[in-house]
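# Tertiary structure, described
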Number of protein chains: 2
Amino acid sequence: MANDLAEAGARRKRSGGRAGNAARRGTAVMEQMPWRIPLNHDRPTEPLPPEGVEAIHDGAMRILEEIGIEFLNEEALGLFREAGCRVEGTNVRMGRDWVMEMVRRAPHEFTITPRNPDRTLPIGGKAILFGNVSSPPNYWDMETGRKVPGTRAHCANLFRLTQHFNCIHFAGGYPVEPVDIHASVRHLDVLFDKLMITDKVAHAYALGKERIEDAMEMVRIAGNLSEEEFRATPRMYTNINSTSPLKHDQPMIDGCLRMIRRGQAVVVTPFTLAGAMAPVTMAGAVALSIAEALSAIALFQWVAPGCPCVIGTFTSNVDMKSGAPAFGTPEYMRATQMTGQMARFYGLPMRASGVCAANVPDGQAMWETSNSLWSAVQSGTNMVYHAAGWLEGGLIASPEKFVMDCEVLQMIQRYMEPAVWDTGPDSIALEAIREVGAGGHYFGIPHTQDRYATAFYQPIVSDWRNYEAWEIAGGVWTQERAHRLFKEIVGSFEEPPMDAGAREALADFVARRKREGGAPTDF
Amino acid sequence: MANDLAEAGARRKRSGGRAGNAARRGTAVMEQMPWRIPLNHDRPTEPLPPEGVEAIHDGAMRILEEIGIEFLNEEALGLFREAGCRVEGTNVRMGRDWVMEMVRRAPHEFTITPRNPDRTLPIGGKAILFGNVSSPPNYWDMETGRKVPGTRAHCANLFRLTQHFNCIHFAGGYPVEPVDIHASVRHLDVLFDKLMITDKVAHAYALGKERIEDAMEMVRIAGNLSEEEFRATPRMYTNINSTSPLKHDQPMIDGCLRMIRRGQAVVVTPFTLAGAMAPVTMAGAVALSIAEALSAIALFQWVAPGCPCVIGTFTSNVDMKSGAPAFGTPEYMRATQMTGQMARFYGLPMRASGVCAANVPDGQAMWETSNSLWSAVQSGTNMVYHAAGWLEGGLIASPEKFVMDCEVLQMIQRYMEPAVWDTGPDSIALEAIREVGAGGHYFGIPHTQDRYATAFYQPIVSDWRNYEAWEIAGGVWTQERAHRLFKEIVGSFEEPPMDAGAREALADFVARRKREGGAPTDF
């Protein structure tokens, strides 16, 4: 059948469609969906009635008014004082009217423009965007067969996957921490690799003023931008976590203040693990998360009214047997949906994650990750962190998992395409049904042939052959197929084009900053 | 931490909770959720606007009015003639007014009562119920390591899993076809096994009058019911497929007519595979499915007004490369959601499935199955067939996959529990947040200790330990853990209690029907 259809397709000289694109590209390792900004038109799943939203809002506001948040950042304490908040030591209490006034200053939507403007991302609204796994200290692949500390080579390969897959929209933090590079200069080498290997929106860690300033400078240089151009619109973003419960530490707030003052975007993501750093009840953990996030966002809006902010969720629960964090649980899904309701209540773009507790890329890894990804869809999430490559609660990055996750992400993208549920007369296909009649088949008719190349999602790593064909081909399980694809992708990878002058300037900057000693490592 | 909490729990002498139950049971192989009827309060995901629903309805009605459905069943043709439909040869055309009048006769909700009345199921409304995989000809497990024809022993073990897991609400068809039993008496042996091993709602195949009549008689005997009691309320169900496109065959319609005349439930599930037996467009495949299903349901309502009917969906798409059916695809998900909208439009309970194309219980199996199960949730499905144990597009039954799927089903059940998103003052937990303050932790406080035993979903086969603990324990991947659990469950399985007289009567019935030769096997 496939051959008949392919021939029929060829006869019709269809120039569009994925098959046509693949033929033109010639060397494609595999078919994948083109780059696109998926729009999520599904009505979000909303467990909370309006009074539930009010209850969480009131809880968060009472935390800010009555209990307060610790800010271990002198500058922030001064700014809060200036804004009229009640500052005692490092504890800051703030009234709900002021908090809401500040939050209302934040834009509902904004864009981030990387060095390749074709990769500009809209943040907020209906857009749902995916980023690679960020920050695991360890690496695991099928070849290594065990958990090992991350290296620059691992990290670069994961950047290649980040760039290769069109369903990955933004480059998160280090996809694995390269512990073979000294901490003082690690940010320079990794960001250099990232800016060479990818042309997608880049993240920078808020880990001290030197690192964040270096990162901004490198993104500016890579984009061939003047300072004015850099500041004119967001070019990059950072993501900070609070130290739950109820605390923001020095470098994260400092990094954000530096970012917003140069017009860059910040994502504030408390990590409220119910039963450990947050109440055992999900509504309590969400209320705590909201309070922590809004306290920082209010500060940023005080400093730079209208600066681009995203509210993140990383609320999950511990395994009460082992104390380890669990991910992709029913409680995680509902917390994400609840946070989605709160983000819409506050008019803020939202970040969630693609996460699991599994240690290897097996069945558990995929049901947990599927649960977390679908809850991101259901909650109206705009940025999905860790969407590809995450294992062991974020302690391991795996290229096989990356490839497998990209299959799920592509399916989510395809799921968003209105063509799938079109009900125009050609889609209802009454004449085709009449033509084929009872007991016939639809393989050869024009209605099928005209559409077959783009009618259905085509997988990258799924094997849809029957058991016998699959067995003859070696009986390869998914994780091994993913491994082979990973090797093919990195083996044939070509870096995206980059202006030679910008590249040289970037290399010079890195060399100079290394000579200067990089960033201090005493914190 | 776990020990501290366990001790704290013991001190508080909590009698409720899963931990308490487990302790009392003593011999439990594993913790699982108790039997319950999950209610799905989520607003369904509805890709179609109202005019899209109208377009599919109009398409289905025009198929019935203009093209017609083949009924290869003489009795049905006579009944359609009697009802005033236009019958030409085996082709039946029916007006939309009549079809809708008949469909309106069907109940929105009904119950099915098995031999153990504690397992009575509400079909329709908000209830979402799960059944085991049904009808694969082949079996695969980790020990066998390859695809083999199903046997009575395999089938019985899969019934044991069906009975063991509280998240499995109904016993579907044969969980694997036992080809070691002659086809003439297979239904007698397998239904005997099913009625001994499980006390849950049972299915019977509509494969000729002898088989379906035997099945009804056996369910009646097993339940110790008089004919009057058997007929008084549904005690069992059958599920039929049309022969898409546009055809209903003899034994399936015959079986349904026999079932509804004795007050039993029927599920009508066309298998419209887009691009093969149905239009390549999903709306066309759904319209065809709706037309085929409603034509049979209308007939049944003509014969037995108000008889319990369920509309099923099995709309998916082929892999355009291999021609094999694909499952759990984005197109599958949207077709299921669309059919959910149509089922609500017609006021009929709905059936969907938990399905995948994968050949082994690996990552692909679980993302495809997760996609299909979540689309069942999103579409407001009432009965989820094949929810545990399905591989290779339904050609393989696997006990490992069964156990793995039950983890996902339990998570869906937990996801449905309103306690997860409760926002009462105790859940917002302001006082606990105040008590713990900044930088503290929630492990030991009363708010946590009072709730930890039931606060979070506890897994059955997921391993939530960190990599090192998992590695020391053998580094066992999910499918192998599932295999071990399968062996433990069947090794310690105890049949549910059954009245000795009923058991003897059932054995006598089987013996007599075998002496009589069972069912003819020439069709």
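For the structure, see preceding data.
The text that follows walks through the structure, step by step, so that each part is easy to find. (Residues numbered from 1 in each chain as written. Chains lettered and ligands numbered in written order. Predicted model: local features only at pLDDT ≥ 70, side-chain atom pairs only at ≥ 80, totals over all residues. Heavy atoms only, no water.)

## Here's the deal with the overall build of chain A
In terms of regular secondary structure, chain A is built from 21 helices and 21 strands. Expected size for 523 residues packed as a compact globule is a radius of gyration near 24 Å; at 24 Å, chain A falls within 12% of this value. With the C-alpha coordinates aligned to their principal axes, the bounding extent of chain A is approximately 80 × 60 × 50 Å. Here chain A holds 523 residues, and the buried ones make up 67% of them. Split by element, the accessible area of chain A, about 16,700 Å² in all, is 50% carbon and sulfur. Placing the 52 positive and 62 negative side-chain charges of chain A at their respective mean positions leaves the two points 2 Å apart. (Helix = DSSP H or I, 4+ residues; strand = E, 2+ residues; numbered from the N terminus. Rg over C-alpha atoms; globule rule 2.2 N^0.38 Å. Buried < 20%, exposed > 50% of the residue type's maximum accessible area, 1.4 Å probe, protein only. Areas by Shrake-Rupley, 256 points an atom, 1.4 Å probe, with all protein chains shown as cover. Lys, Arg positive; Asp, Glu negative; His and termini not counted. Charge placed at Lys NZ, Arg CZ, Asp CG, Glu CD.)

## What about the packing of helix H12 (residues 330-346) of chain B against helix H13 (residues 363-378) of chain B?
All names here are of chain B. Between H12 and H13, the shortest axis-to-axis distance is 8 Å and the interhelical angle comes to 20°. Relative to H13, H12 is oriented roughly parallel. Where H12 crosses over H13, the two elements pack in a sense that is right-handed. Listed contacts from H13 to Tyr332, Met333, Thr336 and Gln337 of H12 are Asn371, Ser372, Ser375, Ala376 and Gln378. (Axes fitted to C-alpha atoms, helices over the stretch in contact; angles between N-to-C directions. Parallel < 35°, antiparallel > 145°, perpendicular 65-115°, else oblique. Left-handed = near helix turned anticlockwise from the far one by under 90°. Contact = heavy atoms within 4.5 Å.)

## Observations concerning the sheet that holds strand S20 (residues 390-391) of chain A
Two orientations exist for strands paired in a sheet by backbone hydrogen bonds: parallel and antiparallel. All names here are of chain A. On the basis of which strands lie adjacent, the open sheet formed by four strands has the order S8-S7-S21-S20 and mixed pairing. The open sheet is flanked by strand S8 (148-149) and S20, the only strands paired with a single partner. One ladder, built from two bridges, connects strand S7 (residues 138-139) with S8; its direction is antiparallel. Paired with Asn138 across the strands is Pro149, a residue of S8. (Pairing = 2+ DSSP bridges.)

## Observations regarding the packing of aromatic side chains
One pass over the full model with this rule turns up 32 aromatic pairs over all chains. Here the aromatic rings of Trp140 of chain A and Trp477 of chain B are separated by 6.0 Å at their centres, their planes lie at 50°, and the arrangement is tilted. Residue Trp140 of chain A is found in the loop between S7 and S8, and its partner Trp477 of chain B is found in the loop between helix H19 (467-472) and helix H20 (478-491); the two belong to separate chains. The class for Trp140 of chain A is buried, based on a relative accessible area of 3%. With a relative accessible area of 17%, Trp477 of chain B lands in the buried category. (Phe/Tyr/Trp six-rings, centres within 6.5 Å; stacked < 30°, edge-to-face > 60°.)

## Quick look at the side chain of Asn138 of chain B
Residue and element names in this part refer to chain B. Tracing the backbone shows Asn138 in strand S7 (residues 138-139). Polar side-chain contacts of Asn138 include one of 3.1 Å to the backbone oxygen of Leu395. Look past the residues within four positions of Asn138 in its chain and what remains in contact with it is Lys147, Val148, Pro149, Gly150, Val176, Leu395, Ile396 and Ala397. (Polar contact = N/O pair within 3.5 Å; in protein donor to acceptor, adjacent residues only side chain to side chain.)

## Description of the sheet that holds strand S2 (residues 86-88) of chain A
All names here are of chain A. The strand order across the open sheet built from four strands is S2-S3-S1-S12, with neighbouring strands paired in mixed fashion. Because the sheet does not close on itself, it has two edges, and the strands there are S2 and strand S12 (247-248). Across two bridges, the pairing between strand S1 (residues 69-71) and S12 is parallel. Each residue of the ladder has a partner; that of Phe71, found in S12, is His248. Contacting S1 and S12, helix H11 (residues 282-303) runs over the sheet at an angle of about 50° to S1.

## Observations concerning the pattern of salt bridges
All chains considered together, the criterion is met by 72 salt bridges over all chains. Of the charged contacts, one joins Arg152 of chain B and Asp189 of chain B as a salt bridge, the two residues approaching to 3.5 Å between their closest N and O atoms. Taken together, the residues Arg152 of chain B in helix H6 (residues 152-164) and Asp189 of chain B in helix H7 (residues 183-197) connect sequence positions 37 residues apart. Within the structure, one salt-bridge network assembled from shared partners comprises Glu213, Glu217, Arg220, Glu227, Arg231, Asp254, Arg258 and Arg262 of chain A. (Salt bridge = Lys/Arg side-chain N within 4 Å of Asp/Glu carboxyl O.)

## A few points about the state of the cysteines
All names here are of chain B. Overall, the coordinates contain zero disulfides over all chains when judged by the stated rule. In this structure Cys85 is not part of a disulfide, and its nearest cysteine sulfur, from Cys307, lies 15 Å away. For Cys167, which is in no disulfide, the shortest distance to another cysteine sulfur is to Cys406 and amounts to 3.8 Å. (Disulfide = S-S within 2.5 Å.)

## Examining the relation of the copies chain A and chain B
Taken together, a rotation about one axis and a shift along it account for how the two chain copies relate. Once chain A has been moved 0.0 Å along the axis and rotated by 180°, it coincides with chain B to within an RMSD of 0.0 Å. Taken together, the rotation angle and the small translation identify this as a two-fold axis. It is Gly363 of chain A whose C-alpha, among those of chain A, lies nearest the rotation axis, at 2.2 Å. With an isologous cut-off of 70% or more, the 100% of interface residues of chain A that recur at the interface of chain B puts this contact in the isologous class. (Least-squares fit on C-alpha atoms with pLDDT ≥ 70 in both.)

## A look at unusual backbone geometry
Residues and elements named next belong to chain A. Between Ser244 and Pro245 the backbone carries a cis peptide bond, its omega angle lying at 0°. Examined against the element boundaries, Pro245 turns out to sit in the loop between strand S11 (236-240) and S12. Phi is positive for Leu246, which is not a glycine, with a value near 70°. For Leu246, the position within the fold is in the loop between S11 and S12. We classify Leu246 as buried; its relative accessible area is 1%.

## A word on the interface of chain A and chain B
Facing the 120 residues of chain A at the interface are 120 residues of chain B. Looking at the side of chain A facing chain B, the largest losses of area belong to Trp367, Phe456 and Trp464 of chain A, adding up to 9% of the total buried there. With a closest N to O distance of 2.8 Å, Glu66 of chain A and Arg434 of chain B form a salt bridge. On the surface where chain A and chain B come into contact, there are 44 residue pairs in polar contact (both at pLDDT 80 or more). Ranked by the residues each element gives to the side of chain A that touches chain B, the list is headed by helix H13 (residues 363-378) of chain A, at nine residues. Of the residues contributing to the side of chain A that touches chain B, the split by class is 62 nonpolar, 32 polar and 26 charged. (Buried area = accessible area lost by both parts, 1.4 Å probe. Nonpolar A, V, L, I, M, F, W, Y, C, P; charged D, E, K, R; others polar.)

## So, the nonpolar core
Core analysis: the biggest nonpolar cluster contains 346 residues, and Phe300 of chain A together with Phe300 of chain B have the highest contact counts within it. With residues near it in sequence (within four places) discarded, Phe300 of chain B still touches Ile240, Ile253, Cys256, Leu257, Ile260, Val266, Val268, Cys307 and Cys309 of chain B. (Core = buried A, V, L, I, M, F, W, Y, C linked by side-chain atoms within 4.5 Å.)

## Looking at the pairing of strand S11 (residues 236-240) of chain B
The side chains of a regular strand alternate, residue by residue, between the two faces of the sheet. Residue and element names in this part refer to chain B. Of all five residues that make up S11, five are buried, and the element is covered over most of its length. Because side chains alternate across S11, one face comprises the buried residues Met236, Thr238 and Ile240, and the other comprises Tyr237 and Asn239, equally buried. Where strand S10 (residues 201-203) and S11 come together, two bridges link them in parallel fashion. Pairing of His203 across the sheet is with Tyr237, part of S11. With four bridges joining them, S11 and strand S13 (residues 265-268) adopt parallel strand pairing. Bridged to Tyr237 within S13 is Ala265.

## With respect to the pairing of strand S18 (residues 350-353) of chain A
All names here are of chain A. In S18, alternate side chains face the same way, and those of Met350 and Ala352 on one face and Arg351 and Ser353 on the other are all buried. Of the pairings in the sheet, the one linking strand S15 (residues 309-312) to S18 comprises two bridges and is parallel in character. The partner of Ile311 across the bridge, within S18, is Met350. One ladder, built from three bridges, connects S18 with strand S19 (residues 383-388); its direction is parallel. Across the sheet, Ala352 pairs through a bridge with Val384, a residue of S19.

## Section: H6 of chain B
Residues and elements named next belong to chain B. Taking 1.5 Å per residue as the helical rise, H6 with its 13 residues ought to reach 18 Å, and the 18 Å between its terminal C-alpha atoms agrees with that figure. H6 sits mainly inside the fold: ten of its 13 residues count as buried. Along H6, the positions that sit buried rather than exposed are His154, Cys155, Ala156, Asn157, Leu158, Phe159, Leu161, Thr162, Gln163 and His164. (Expected span 1.5 Å × (residues − 1).)

## A closer look at the environment of Cys309 of chain A
Residues and elements named next belong to chain A. Residue position: Cys309 is located in strand S15. Judged by its relative accessible area of 0%, Cys309 falls in the buried class. In this structure, the C-alpha to C-alpha distance between Cys309 and Val267, residues 42 residues apart in sequence, is 5.7 Å. If we ignore the near neighbours within four places in the chain, the residues touching Cys309 are Phe110, Val266, Ile297, Phe300, Gln301, Leu348 and Pro349.

## A look at helix H8 (residues 209-222) of chain B
Residues and elements named next belong to chain B. Between its first and last C-alpha, H8 extends 20 Å over 14 residues, near the 20 Å set by a 1.5 Å rise per residue. The secondary structure elements touched by the buried residues of H8 are H7, helix H9 (227-232), S11, helix H10 (250-261) and helix H21 (500-515). Directly beyond the C-terminal end of H8, a positive phi value near 60° is found at Asn224.

## Points about the side chain of Thr269 of chain B
Residue and element names in this part refer to chain B. If you trace the backbone, Thr269 turns up in the loop between S13 and strand S14 (273-274). Separated by 2.8 Å, the side chains of Thr269 and Asn239 make a polar contact. Separated by 3.3 Å, the side chains of Thr269 and Arg351 make a polar contact. Every residue in contact with Thr269, bar those within four places of it in the chain, is listed here: Asn239, Ile240, Asn241, Ser242, Gly312, Thr313, Phe314 and Arg351.

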